[in-house]
Amino acid sequence: MVASLYGVKQAKKAIWIFLEQEGGKLEGVSLELLDKGRQMADNANWSLVGLLIGKDVSEIADEAFSYGADVVVLADDPLLDVFTVDAYTQVTYDAIMEHKPSVFLLGATPNGRDLAGRLAVRVRTGLNADCTNLNLDKKRGILVSEVTGFGGGIAALIEMQNHRPQMATVRPGVFPPGEPDKKRKGKVIKLPIKLEADTIKTKVVERVVGEGVDLTQVPALVVGGRGIEGDFGLMRELAGLIGGDVGATRPPVDDGYIERERQIGQTGVVCRPKVSINCGVSGAFHFVVGVQESDIVISINTDQEAPIFDFTDYCIVGDVFEIIPALTAALSSVKELAHG
Amino acid sequence: MANLHMVVCLKVVPKPEEIRVDKKTNRLERTDARSELNPPDMNAMEMALSIKERYGGKISILTMGPPYFEPLLRVGLAMGADHIYLLSDRDFGGADTLATTYTLAKGVEKIEGVDLIFCGEESSDGATGQVPPGLAEWLDFNQITMINNIELAPRKKTIRGRREIKAGHEILEVPLPAVVSVAVASNEPRFMDYRIKDWAFEEERMTVWSKDDLDVDAEYIGVSGSPTIVSDLAQAATRERKREFLTGTPEEIADKLKVILQDAL
Ligand SMILES: Cc1cc2nc3c(=O)[nH]c(=O)nc-3n(C[C@H](O)[C@H](O)[C@H](O)COP(=O)(O)OP(=O)(O)OC[C@H]3O[C@@H](n4cnc5c(N)ncnc54)[C@H](O)[C@@H]3O)c2cc1C
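Residues numbered from 1 in each chain as written. Chains lettered and ligands numbered in written order. Predicted model: local features only at pLDDT ≥ 70, side-chain atom pairs only at ≥ 80, totals over all residues. Heavy atoms only, no water.

## Examining the side chain of T158 of chain B
Residue and element names in this part refer to chain B. For clarity, the threshold we go by: Strands here are runs of E lasting at least two residues and helices are runs of H or I lasting at least four, both read from the DSSP assignment and numbered beginning at the N terminus. Three exposure classes are used, based on accessible area relative to the maximum for each residue type with a 1.4 Å probe and protein chains only: buried under 20%, partly exposed in between, and exposed over 50%. In what follows, a contact means two residues having at least one pair of non-hydrogen atoms within 4.5 Å.
Its place among the elements puts T158 in strand β10 (residues 158-165). Relative accessible area serves as the criterion here: at 8%, T158 is assigned to the buried category. Sequence-distant contacts of T158, defined by excluding residues within four places in its chain, comprise E151, L152, A153, E173, V174, P175 and L176.

Laid out in structure tokens, this is it:
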């Protein structure tokens, strides 16, 4: 059997989190992983370590401590200013081989996936991608990853017995973010950097990042599916009235009606609003995982048999183009009253 | 670059809606499900074909799987690819990402002289999206993932790929040889060209390699090369929902919804 570069015996009782940062701030998914990692580490009496890579990023370590990290391993170098898979894989590999963590978790972001995929092969270990839950079996020291989405809503529990680190990626929003504790402190370990500029083959020719939307934390979510025929104006109007934001299933995203970062589901984001309203959504399991953390689910579909109704509290068999305008009218009249 | 050699990794997948779970073995039962070419791989194929049209070169299809995949793979030839390499061996079965990427990498090495590999963004049955970087790592190729556009600089032998990130985009450049994964829905895959259908089904357009044909280490393939195991399969946990149907005219329904929303928010 193929062996990882280090095994169960050499592995340290530590959970490592890849801390992804942009513009001096940690990504939401890194905070979510820190909180989940903290719970697992406490339960098993392991340590929680954040791996922070970038240029002039040492200040972010405090944020990681406040969200639960005991230690931050810091790789700070001008060559690490923007993410390139070559440089980040090399540095992560060096860090991993020096400290030999038992578990290594990354956000399933474009960069997190690039890094995870290369690193797993470099250290000859397994990788569970897009996990929907994680548990650390403290007796066996084994990470049990749940992966869903094979049609029909099947969940698989996946483990690796002999390979270390046990790697997994998790989508943004799968775990709730924790509460920061500003008083928490930790230790920074600086990683010696052995990078040469000419070993980095990737050139970032252009890079434009916007503020981005974070649907994981919105209080109300209005989702447009294929059934709304691209009419996101209607969705936005409703979302505005209830202080929420707009998401979509994959088809309207693929058809270019709305930005990809608003895609909800297995390969999008997982949201946990108080209310989600699904309009013209059939209810594929790939999608349902993205809204099932909602307190209340409302769905509108012309097809009484649509699977989405199995995952819904308030089901409306009807045409979105009749129900939603009626609802916005009803809600607007309240507003006018409230404003006198 | 008339001698540009491209590989498109195609995966044959069971139609997702036809997969069941075998309760006894904890395995996904795919045998009853009909197969199709993984839809995201069609976007990869289309991107490779567009490069071939502009710069020449040839396209090889690379797949790991059983011999009965053949007719589906030949559709790729009828779209405009030149040759199929099918890596087929009982011992390749049960592979996770590590073993799969290793085996595919061995196939690429055996094909020889490959400059550029195209993969789909993910597969509809596993959806991990981890094959492209893993494959690149085994081969020591550069990589750009999830691109929706590619430009080739034939003289410099570099590619530029554009990808969407966080309410923006980036353009990355890497020297060949490289692996790219192509974002779902980034182009319109063409249909097969019926004029070349007979040609596409000629025997000599396909090469089948078993593990003895490839320079593989038996420890690294199939089940023994796969660190991960499925320890349990279950119906995914879902929250209990009220499933209460609201009826009436749109206005009546709207009034009921208004109350529900006001209570909840
Ligand atoms: C690997 C993989 C990952 C995926 N990841 C995701 C993901 O993250 N998120 C995601 O959403 N999908 C994902 N998908 C796609 C998913 O399987 C479904 O295809 C998709 O969710 C369907 O979107 P939909 O419900 O909007 O469209 P459809 O399934 O076409 O449903 C449209 C619905 O609208 C109803 N309708 C039509 N007109 C009206 C009307 N006027 N009023 C009311 N109702 C109407 C119809 O009855 C129908 O039920 C993934 C697929 C794969 C293979």
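## Regarding the site of the ligand
The following threshold applies: Here, proximity means that at least one heavy atom of the residue falls within 4 Å of the molecule or strand. Residues adjacent in sequence count toward polar contacts only when both atoms are side-chain atoms; beyond that, a polar contact is any pair of N or O atoms within 3.5 Å, and within protein one must be able to donate a hydrogen and the other to accept it.
Among the 29 residues in the neighbourhood of the ligand, the closest are listed as R226, T249, T267, S282 and V320 of chain A. Each of chains A and B places residues next to the ligand. Between the ligand and Q266 of chain A, the relevant distance is 3.1 Å, taken from an oxygen atom to a main-chain nitrogen or oxygen of the residue. Between D319 of chain A and the ligand, the recorded distance is 3.0 Å, taken from a side-chain N or O atom to a nitrogen atom.

## A look at the domain arrangement of chain A
All names here are of chain A. Here is the rule: Note that the domain bounds were set by an automatic or database domain assignment. Once two parts are joined, some of their accessible surface, as seen by a 1.4 Å probe, is lost; buried area is that loss totalled over both. When a carboxyl oxygen of Asp or Glu lies within 4 Å of a side-chain nitrogen of Lys or Arg, that pair is called a salt bridge. Each residue gets one of three labels, nonpolar for Ala, Val, Leu, Ile, Met, Phe, Trp, Tyr, Cys and Pro, charged for Asp, Glu, Lys and Arg, and polar for the others, Gly among them.
When its domains are assigned, chain A resolves into domain 1 (12-199) and domain 2 (215-339). Distance from the C-alpha centre of domain 1 to the C-alpha centre of domain 2: 32 Å. Both faces considered, domain 1 and domain 2 share a buried interface measuring about 980 Å² in area, 52% of it formed by carbon and sulfur atoms. Our count for the domain 1 to domain 2 interface comes out at zero salt bridges. In this assembly, domain 1 and domain 2 are joined by six residue pairs in polar contact (both at pLDDT 80 or more). Taken together, the residues that form the side of domain 1 that touches domain 2 break down as five nonpolar, four polar and three charged.

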